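# Close look at the chain arrangement
Okay, here's what each chain looks like letter by letter:
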Amino acid sequence: MRHRTRILKGMAVIEVTDLRKRYGDLTVLDGVSFTVEQGEIFGILGPNGAGKTTAVECVQGLRRPDGGTIRVLGLDPAEHRRTLCEQVGVQLQDTRLPDNLKVWEALDLYASFYPRPADWRQLLEQCGLHDRRDTRFGKLSGGQKQRLFIALALVGNPRVAFLDELTTGLDPQARRTTWALIEQIRTTGVTVVLVSHFMDEVEELCDRAAIVDRGRIVALDTPAGIVDAIDADHAMRFTLTAGDPADLAALPGVSRVTRTGDRVVVTGRGDFATTVTAALARHHMPVSDLRIDKRTLDDAFVALTGRPLDPQESRS
Ligand SMILES: Nc1ncnc2c1ncn2[C@@H]1O[C@H](COP(=O)(O)OP(=O)(O)OP(=O)(O)O)[C@@H](O)[C@H]1O
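Just so it is clear, the structure is predicted and the values come from calculations on it, not from any experiment. (Residues numbered from 1 in each chain as written. Predicted model: local features only at pLDDT ≥ 70, side-chain atom pairs only at ≥ 80, totals over all residues. Heavy atoms only, no water.)

Turning our eyes to something else, we now look at the sheet that holds strand β6 (residues 160-164). Strand order across the open sheet formed by six strands is β5-β6-β7-β3-β8-β9, with mixed pairing between neighbours. Each having just a single partner strand, β5 (88-91) and β9 (216-221) make up the two edges of the open sheet. Here the average twist between neighbouring strands, direction ignored, is 15°. Of the strand pairs in this sheet, β5 and β6 are connected by four bridges, and their pairing is parallel. Within β6, the residue paired with V90 across the bridge is F162. (Pairing = 2+ DSSP bridges. Helix = DSSP H or I, 4+ residues; strand = E, 2+ residues; numbered from the N terminus. Axes fitted to C-alpha atoms, helices over the stretch in contact; angles between N-to-C directions.)

Looking at the ligand, there are 14 residues lining it, with G49, G51, K52, T53 and T54 nearest. Note that an oxygen atom of the ligand is positioned 2.7 Å from one of the backbone N or O atoms of G49. Taken together, the residues that form the shell around the ligand break down as five nonpolar, six polar and three charged. (Near = heavy atom within 4 Å. Polar contact = N/O pair within 3.5 Å; in protein donor to acceptor, adjacent residues only side chain to side chain. Nonpolar A, V, L, I, M, F, W, Y, C, P; charged D, E, K, R; others polar.)

As a further point, take the domain arrangement of the chain. Taken domain by domain, the chain consists of domain 1 (4-87 + 159-228) and domain 2 (234-292). The C-alpha centroid of domain 2 is placed 40 Å from the C-alpha centroid of domain 1. (Domains from an automatic or database assignment.)

Negative phi values dominate among residues other than glycine, just as trans dominates among peptide bonds. Backbone geometry at E165 places phi at a positive 50°, although glycine is not the residue there. Locating E165 in the fold gives a position in the loop between β6 and α6 (172-186). Residue classification places E165 among the buried positions, given a relative accessible area of 6%. (Buried < 20%, exposed > 50% of the residue type's maximum accessible area, 1.4 Å probe, protein only.)

Before going further, it helps to examine the environment of G261. As for its position among the elements, G261 is in the loop between β11 (254-260) and β12 (263-268). Judged by relative accessible area, which is 59%, G261 ranks as exposed.

Quick look at the pairing of β6 now. With respect to burial, β6 is a largely interior element, five of its five residues being buried. The alternating pattern of β6 places V160, F162 and D164 on one face and A161 and L163 on the opposite face, and all of these are buried. Relative to strand β7 (residues 191-196), β6 runs parallel, the two being bridged by five bridges. Paired with A161 across the strands is V192, a residue of β7. Once the chain exits β6 it traverses α6 before rejoining the sheet at β7, and the crossover so formed is right-handed. (Right-handed = clockwise from strand over helix to strand, strands pointing away.)

Now for helix α5 (residues 142-154). Helix length check: α5, at 13 residues, gives a terminal C-alpha distance of 19 Å against a target of 18 Å (1.5 Å per residue), a fit within 8%. Counting buried positions over the 13 residues of α5 gives 11, a clear majority of the element. Listing the buried residues of α5 in full gives G143, Q144, Q146, R147, L148, F149, I150, A151, L152, A153 and L154. Where the residues of α5 are buried, they touch β5, α3 (103-111), α4 (120-126), β6 and α6. (Expected span 1.5 Å × (residues − 1). Contact = heavy atoms within 4.5 Å.)

Okay, the packing of aromatic side chains next. Evaluated as defined, the whole model comprises four aromatic pairs. Centre to centre, the rings of F137 and F149 are 5.7 Å apart; their planes meet at 45°, and the pair counts as tilted. Of this pair, F137 sits in the loop between α4 and α5 while F149 sits in helix α5, placing them 12 residues apart in sequence. Judged by its relative accessible area of 6%, F137 is buried. Seen from the ring of F198, R175 lies directly overhead, with NZ or CZ sitting 4.4 Å from the centre. (Phe/Tyr/Trp six-rings, centres within 6.5 Å; stacked < 30°, edge-to-face > 60°. Lys NZ or Arg CZ within 6 Å of the ring centre and 35° of its normal.)

At a minimum axis separation of 9 Å, α5 and α6 run at an interaxial angle of 15°. In this view, α5 runs roughly parallel relative to α6, as classed from their interaxial angle. Between α5 and α6 lies a crossing of right-handed hand. Judged by residue contacts, G143, R147, I150 and L154 of α5 engage A174, T177, T178, L181 and I185 from α6. For the contact of α5 with α6, a count of residues per class yields five nonpolar, three polar and one charged. (Parallel < 35°, antiparallel > 145°, perpendicular 65-115°, else oblique. Left-handed = near helix turned anticlockwise from the far one by under 90°.)

With that settled, consider the sheet that holds β12. Pairing within the open sheet is antiparallel, and its four strands lie in the order β11-β12-β10-β13. Whereas interior strands pair on both sides, the edge strands pair on one side only; in this sheet they are β11 and β13 (287-292). Across the sheet, the axes of successive neighbouring strands diverge by a mean angle of 15°, strand direction being ignored. Of the strand pairs in this sheet, strand β10 (residues 234-240) and β12 are connected by six bridges, and their pairing is antiparallel. Residue pairing for β12: M236 is matched across the bridge by V266.

Counting 49 residues, the largest nonpolar core has L97, L107, L148, L163 and L297 as its most contacted members. Of the residues forming this core, the biggest block, seven residues, is contributed by α5. Excluding residues that lie within four positions of it along the chain, L148 makes contacts with L97, V103, L107, L129, F137 and L140. By size, the runner-up hydrophobic cluster in this structure holds 27 residues, among which are V16, L29, L73 and V88. (Core = buried A, V, L, I, M, F, W, Y, C linked by side-chain atoms within 4.5 Å.)

This is the structure in structure tokens:
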């Protein structure tokens, strides 16, 4: 994967072991364990109500777990919240600012909370808000507000930033702009924990992700690793104008070859598509309209839980 290089293996910034939390009769976290390494973008993905925000708020020291251990930069957040506040940036799901506060005033105010703040003028530039410096919060677009929240999460010069439901309600263009900003944050070495219920966002941005469902982690790996672990074939489809595709069935990884007229579907696992393509070229069998059905985290979620995450929202 393209992002692997920046992760310094073995340097855990966050370590969560067997985290448990109940609200009355409701078990919200039921033995959640994960680690986040230095420089990683780590996704916590799951449907509404899965327990993502509760988990992250326990990690931030905002809620007390009923069981389990949490270490952030080696410290227990429940006991060392003040120390960690200086090193951890948080963009909460429902952040609100007064409508008449100007962009620069918000940044200047937040910078004053930290002993070693970043230069907020540079952050304005980085977040693409330099021409909105004097704009009042109430006049910003949804995307601009989210970029301001990211800037506010970074203004204390944190080593770890938590970004919760970043792009909910944004149009596709604004989502892309926000994603580009997060890619850029990665280059500064900040470890990012991204809470999301958008599969595509996690696939695009995260080095690794935990899929949370009903208070448990049902998968934890790179997005590609989670998808590859699904125990199901995928298909390549093409038009074959000459030759007999039956022999393709003997290739490694191929499970089935079907032909309807000149349309051929080959199903298989692993790297079968590369093997099939090479065999077609070797035997001078010309193909056109080649398509390989890409499996996504959506497919993985369905395979793992038996239901879609949120078909409406995950495609918006
Ligand atoms: N303070 C609370 N008291 C009682 N129940 C709560 C409290 N906070 C959250 N819950 C419940 O705990 C469950 C998990 O909520 P949580 O906000 O952690 O989920 P989430 O995965 O972040 O969902 P969303 O994507 O909707 O924010 C939900 O059923 C929620 O209603």
